[in-house]
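Each chain, letter by letter, is given below.
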Amino acid sequence: GENVEQHPSTLSVQEGDSAVIKCTYSDSASNYFPWYKQELGKGPQLIIDIRSNVGEKKDQRIAVTLNKTAKHFSLHITETQPEDSAVYFCAASMVSTDNQFYFGTGTSLTVIP
Amino acid sequence: NAGVTQTPKFQVLKTGQSMTLQCAQDMNHNSMYWYRQDPGMGLRLIYYSASEGTTDKGEVPNGYNVSRLNKREFSLRLESAAPSQTSVYFCASTRSGSRETQYFGPGTRLLVL
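In this text, all values refer to a predicted model and were calculated from it rather than measured experimentally.

**Some thoughts on the overall build of chain A**
Part 1: Helix and strand content of chain A: 0 helices and 11 strands.
Part 2: Reading the secondary structure of chain A in the N-to-C direction produces β-β-β-β-β-β-β-β-β-β-β.
Part 3: Taken over C-alpha atoms, the radius of gyration comes to 14 Å for chain A, in line with the 13 Å a tight globule of 113 residues would show.
Part 4: Considered along the principal axes of its C-alpha atoms, chain A spans approximately 45 × 30 × 20 Å.
Part 5: Scored against the burial criterion, the 113 residues of chain A give a buried share of 46%.
Part 6: Taken together, the 9 basic and 13 acidic charged side chains of chain A have centroids lying 4 Å from each other.

**Some words on the overall build of chain B**
Part 1: Tallying secondary structure elements over chain B gives 0 helices and 11 strands in all.
Part 2: Going from the N terminus to the C terminus, chain B shows its helices and strands as β-β-β-β-β-β-β-β-β-β-β.
Part 3: Its C-alpha atoms give chain B a radius of gyration of 13 Å, within 12% of the compact-globule value 13 Å for 113 residues.
Part 4: Along the longest, intermediate and shortest principal axes, the C-alpha atoms of chain B span 35 × 25 × 25 Å.
Part 5: Residue burial in chain B is summarised as follows: out of 113 residues, 50% are buried.
Part 6: Of the contacts made within chain B by residues no fewer than 6 positions apart, 56% connect residues no fewer than 24 positions apart.
Part 7: Counting every atom, chain B has about 5,200 Å² of accessible surface; 47% of that belongs to carbon and sulfur.
Part 8: On chain B, the mean spot of the 12 positive side-chain charges and the mean spot of the 8 negative ones are 4 Å from each other.

**Some details on the interface of chain B and chain A**
Part 1: Contacts between chain B and chain A engage 23 residues on the former and 22 residues on the latter.
Part 2: If you sort the residues of chain B by the area they bury against chain A, B:Leu43, B:Ser98 and B:Arg99 come out on top, with a joint share of 33%.
Part 3: At the boundary of chain B with chain A, the tally comes to 0 salt bridges.
Part 4: Across the chain B-chain A interface, the total number found is 3 residue pairs in polar contact (both at pLDDT 80 or more).
Part 5: Among the secondary structure elements, those contributing two or more residues to the side of chain B that touches chain A are strand S4 (31–37), strand S5 (43–49) and strand S9 (87–94) of chain B.
Part 6: Of the residues in the side of chain B that touches chain A, the class split is 10 nonpolar, 10 polar and 3 charged.

**Details of the nonpolar core**
Part 1: Of all hydrophobic cores here, the largest spans 25 residues; its most connected members are A:Trp35, A:Phe73, A:Leu75 and A:Leu109.
Part 2: Elements with a contribution of two residues or more to this core: strand S2 (10–14), strand S3 (19–25), strand S4 (32–38), strand S5 (45–51), strand S7 (62–67), strand S8 (72–77), strand S9 (86–93) and strand S11 (107–112) of chain A.
Part 3: In contact with A:Leu75, not counting residues within four places along its chain, are A:Ala19, A:Val20, A:Ile21, A:Trp35, A:Ile47, A:Ile48, A:Ile62, A:Ala63 and A:Tyr88.
Part 4: In this structure, B:Met19, B:Ile46, B:Ala81 and B:Cys91 belong to the second largest nonpolar core, which totals 20 residues.

**Things to note about the sheet that holds strand S6 (residues 56–59) of chain A**
Residue and element names in this part refer to chain A.
Part 1: Read across the sheet, 5 strands follow the order S1-S3-S8-S7-S6 without closing on themselves; strand pairing throughout is antiparallel. Every other strand in the sheet has two partners, leaving strand S1 (4–7) and S6 as the edge strands with one partner each. Strand-to-strand, the axes of this sheet are offset by a mean angle of 15°, without reference to chain direction.
Part 2: For S3 and S8, the ladder comprises 6 bridges, and the chain directions are antiparallel. Paired with cysteine 23 across the strands is phenylalanine 73, a residue of S8.

**What about the sheet that holds strand S7 (residues 64–68) of chain B?**
All names here are of chain B.
Part 1: Overall, antiparallel pairing links the 4 strands, which are arranged S1-S3-S8-S7 in an open sheet. A strand with exactly one partner marks an edge of an open sheet, and here the two such strands are strand S1 (4–7) and S7. Adjacent strand axes in the sheet meet at a mean angle of 20° when their direction is disregarded.
Part 2: Bridging between S7 and strand S8 (residues 74–78) involves 5 bridges; their strand directions are antiparallel. In the strand pairing of S8, asparagine 65 is matched with arginine 77.

**Re the environment of B:Leu76**
Part 1: Inspection of the secondary structure puts B:Leu76 in strand S8.
Part 2: Contacts of B:Leu76, omitting those with residues within four sequence positions, involve B:Met19, B:Thr20, B:Leu21, B:Trp34, B:Ile46, B:Tyr64, B:Asn65, B:Val66 and B:Tyr89.

**Brief notes about the confidence of the model for chain B**
Part 1: Of all residues in chain B, 100% have pLDDT values of 70 or greater, and the mean over the chain is 94.
Part 2: Across chain B, element-level confidence peaks in S8(B) with a mean pLDDT of 98 and bottoms out in strand S6 (residues 56–57) of chain B with 94.

**Describing the pairing of S3(A)**
All names here are of chain A.
Part 1: Every second residue of S3 is oriented toward a common face, the buried set being Ala19, Ile21, Cys23 and Tyr25 and the non-buried set Val20, Lys22 and Thr24.
Part 2: In this structure, S1 lies alongside S3, joined through 4 bridges in antiparallel fashion. Paired with glutamine 6 across the strands is cysteine 23, a residue of S3.

Reading the values: rules and limits
- Residues numbered from 1 in each chain as written.
- Chains lettered and ligands numbered in written order.
- Predicted model: local features only at pLDDT ≥ 70, side-chain atom pairs only at ≥ 80, totals over all residues.
- Heavy atoms only, no water.
- Helix = DSSP H or I, 4+ residues; strand = E, 2+ residues; numbered from the N terminus.
- Rg over C-alpha atoms; globule rule 2.2 N^0.38 Å.
- Buried < 20%, exposed > 50% of the residue type's maximum accessible area, 1.4 Å probe, protein only.
- Lys, Arg positive; Asp, Glu negative; His and termini not counted.
- Charge placed at Lys NZ, Arg CZ, Asp CG, Glu CD.
- Contact = heavy atoms within 4.5 Å.
- Areas by Shrake-Rupley, 256 points an atom, 1.4 Å probe, with all protein chains shown as cover.
- Buried area = accessible area lost by both parts, 1.4 Å probe.
- Salt bridge = Lys/Arg side-chain N within 4 Å of Asp/Glu carboxyl O.
- Polar contact = N/O pair within 3.5 Å; in protein donor to acceptor, adjacent residues only side chain to side chain.
- Nonpolar A, V, L, I, M, F, W, Y, C, P; charged D, E, K, R; others polar.
- Core = buried A, V, L, I, M, F, W, Y, C linked by side-chain atoms within 4.5 Å.
- Pairing = 2+ DSSP bridges.
- Axes fitted to C-alpha atoms, helices over the stretch in contact; angles between N-to-C directions.
- pLDDT = per-residue confidence, 0-100.

Have a look at this one:
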């Protein structure tokens, strides 16, 4: 099956700085890559996703980039705010051949005011 | 619209006891999933149901059984709980397989003594 690796496991940034979280995947058949944010005591919530026919997607302060050749994708958060502090998970899935999502191990982001 | 609901929120079991975790969604979704979340290991898939009437094993199915009771409900049963099953359990659903946004419930925290 698919193997998704995520780095770093913890990340601390000053408020206003940017944060970057990187994931790699192993199966070139993966074609859907969602990112989730999990706040303490809650379930993960989708914040942005990208499909393999797109190289970059942006939503306000959040962007995701995908490099299919290198099999990696990244989450970029600009102008970080304290409320961005949470655990972030990347995931990959092979739409049309598999009904499963494969998750990275998570990144705990702390934004220091 | 409650989304995905899970009961109970918290449970303590003794080794060997059995219990059923309940999950329901009111979004008319076809696919439902059960994950466990352990520190440093991200979300690992236990079982999933791509559509009503079907269930499939995920990465860590041993010690668990599932029932897709109807389109709305997907339960997870521990027949004989073990301390290794201490974890936080999340139920999730998507409109159709792994091509869509996955919505998570709030989680059930299980402690097996």
